[in-house]
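# What the coordinates show
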Amino acid sequence: MTQANPVINPLERTHTRLIGAHMPTSGGIQKSLISGKEIGCTVVQLFTGSPRQWSHPELTEETVQLFRATHAETGIQELIAHDSYLINLAAPDPAVMNRSRGAFRSELDRASRLGISWVVTHMGAHLNQGEDEAVQRLIESLKLILDETDALGWTAGIALETTAGQGTGLGWKFEQLGTILKGVGDHPRLGVCMDTCHVFVAGNDIRDAVTFNHTIEEFDKLVGLKYLKVIHANDSVKGLGSRVDRHAHIGEGTIGFEAFRLISTDPRLLHVPIIVETPDAETMHAVNVGKLARMASGIIGVQLQLHGSYSDLTPDSTVCLELPCGSTLVELVDAAISAYPKLEGIRSHCRFAIKDTVIDTDTLLQEGDVVALLPPSSGG
Amino acid sequence: MAFVNIQETPLEIDLLEKRVAIPVNGAVLSFIGQVRNNSRNREVAYLEYQVYRPLALKEMLRIAEEAESKWGCTVAMVHRVGRIELGEASVAIAVGSPHRAEGFDACRFCIDTLKETVPIWKREFCPDGSYWIEGEDAIPTSE
């Protein structure tokens, strides 16, 4: 989870994918756009209110104007909101249901005024009061709210987020999400948000090209790729099928880099913005957004860890380099020598290892690899 | 069962010998490599060892297990890293075997192979500066 040294001779980013993060709003909601811009986001997700409270201070016209002006200044291309965690649009208790519908209308109101395109929401929970009935109540809530807010001319859409299957939460199975969409009926303001961590812990493997492709095809068949409006890119602390939702840094969890490389380059998904919701926002959002932007451009970031006499030849004993995807150890050695000509000697008499394994010159490198350079030994 | 370790603290040879002095063994012997006060006609003040731990531990275990299966012995092998003063042990290998001949052969194999393949590097600190030792070469440290 370490923050890497600056990259020597970074390669040009050529992708057009929208990539960003859920940014904090402390100091005013417009701050999320400024800090998002600073770390290289082209899309930003935010809470427009406090996610653990029912009521929010009135969104004043002054705040809206400041937010919209900041939006224009920063040039962030798309905005996403995440709703309050308290909202349950499938609640069995009529009082909670009323409150939830009211709060969700207010989410859509705020988002529409702020120029946010989608409000991501979890699909509520059945609380052991009958799952089928809960699905019906959720469908009813969505129909009602879409009709009402259409009539008011509100623009923000609803993106139903795939869930992890924790507790009694709805929507962790693609079939059920499909049932809900079918129940509401096609609507231009109704879409879906796919969260990689949730999808994975709910039992859908995405760790390599074969499993990733299978999961996307299943999603298309049972939910419909046309509904996909937002992707949450989060690695997972817990394993496949664990149904426990804990986000990890990109490439550092149980999912691994390959899934994120696939998700940022798959032609079927290129139009869908990607948001990271990983821990340690202050320090690590920049790193995780950077990793995705690199992968979207077909670039891998690798580190060369120097040992023995070579560790004195560069300013830092770990050198961060970027290489085109598909590069081998040969290309890494060339790039390192081109950045630091003093390293020329590593070509002829050194071994290289990744973790506890010595690698050959034709070994294919991957995003995040740390390659150790091993000069001739002198232990004993 | 082979035992290997890499540590920054002083080596405890007694404990290492105890690990291999099991009842089936009639011979227990140990090799200790210690820091010498001279090298390549230069005075040495102290040494520093650097290690690439993931591969070093795996390679030490491979060596110890190979010796055990080849000579039917028990091997315990520890390398110290970091700063080590003159006269202190940098490496210790204890071998227990039913008879002495296999023990000597196994111990020699372990230290010779360790020097060759385990990714550990020595830096000699001398009055005129410091030198990285890489195989046969002594490379002056560039500051």
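Turning next to the overall build of chain B. Scanning chain B from N- to C-terminus turns up three helices and eleven strands. For chain B, the C-alpha radius of gyration of 16 Å lies close to 15 Å, the compact-globule estimate for 143 residues. Taking the contacts inside chain B whose residues are at least 6 apart along the sequence as the reference set, 72% of them involve residues at least 24 apart. Looking at chain B as shown, the accessible area adds up to about 7,300 Å², and 50% of this sits on carbon and sulfur atoms. Side chains of chain B carry 16 positive and 22 negative charges; the gap between the two charge centres is 1 Å.

Residue and element names in this part refer to chain A. Where helix α4 (residues 131–151) contacts helix α5 (residues 174–184), the two axes come as close as 9 Å, and the packing angle between them is 40°. The orientation of α4 relative to α5 falls into the category oblique. For the pair α4 and α5, the crossing hand works out as right-handed. Mapping the contact onto sequence places Glu131, Val135, Leu138, Ile139, Leu142, Lys143 and Leu146 in α4 and Gln176, Thr179, Ile180, Gly183 and Val184 in α5. Across the contact of α4 with α5, the residue classes tally to seven nonpolar, three polar and two charged.

Attention now moves to the domain arrangement of chain A. Residues and elements named next belong to chain A. According to the domain assignment, chain A consists of domain 1 (7–297) and domain 2 (300–374). Placing the centre of domain 1 and that of domain 2 at their C-alpha centroids yields a distance of 38 Å. The partner domain 2 presents 14 residues to the eleven residues of domain 1 that form the contact. Both faces considered, domain 1 and domain 2 share a buried interface measuring about 970 Å² in area, 60% of it formed by carbon and sulfur atoms. Per-residue buried area on domain 1 facing domain 2 is highest for Ile8, Leu11 and Arg294; these three make up 51% of the total on that side. Connecting domain 1 to domain 2 are three salt bridges. Here arginine 13 and glutamate 322 are joined by a salt bridge, their closest N and O atoms 2.7 Å apart. Across the contact surface, domain 1 and domain 2 share five residue pairs in polar contact (both at pLDDT 80 or more). A total of three residues in the side of domain 1 that touches domain 2 trace back to one element, the largest contributor, which is helix α9 (residues 281–296).

Reading the values: the criteria
Residues numbered from 1 in each chain as written. Chains lettered and ligands numbered in written order. Predicted model: local features only at pLDDT ≥ 70, side-chain atom pairs only at ≥ 80, totals over all residues. Heavy atoms only, no water. Helix = DSSP H or I, 4+ residues; strand = E, 2+ residues; numbered from the N terminus. Rg over C-alpha atoms; globule rule 2.2 N^0.38 Å. Contact = heavy atoms within 4.5 Å. Areas by Shrake-Rupley, 256 points an atom, 1.4 Å probe, with all protein chains shown as cover. Lys, Arg positive; Asp, Glu negative; His and termini not counted. Charge placed at Lys NZ, Arg CZ, Asp CG, Glu CD. Axes fitted to C-alpha atoms, helices over the stretch in contact; angles between N-to-C directions. Parallel < 35°, antiparallel > 145°, perpendicular 65-115°, else oblique. Left-handed = near helix turned anticlockwise from the far one by under 90°. Nonpolar A, V, L, I, M, F, W, Y, C, P; charged D, E, K, R; others polar. Domains from an automatic or database assignment. Buried area = accessible area lost by both parts, 1.4 Å probe. Salt bridge = Lys/Arg side-chain N within 4 Å of Asp/Glu carboxyl O. Polar contact = N/O pair within 3.5 Å; in protein donor to acceptor, adjacent residues only side chain to side chain.

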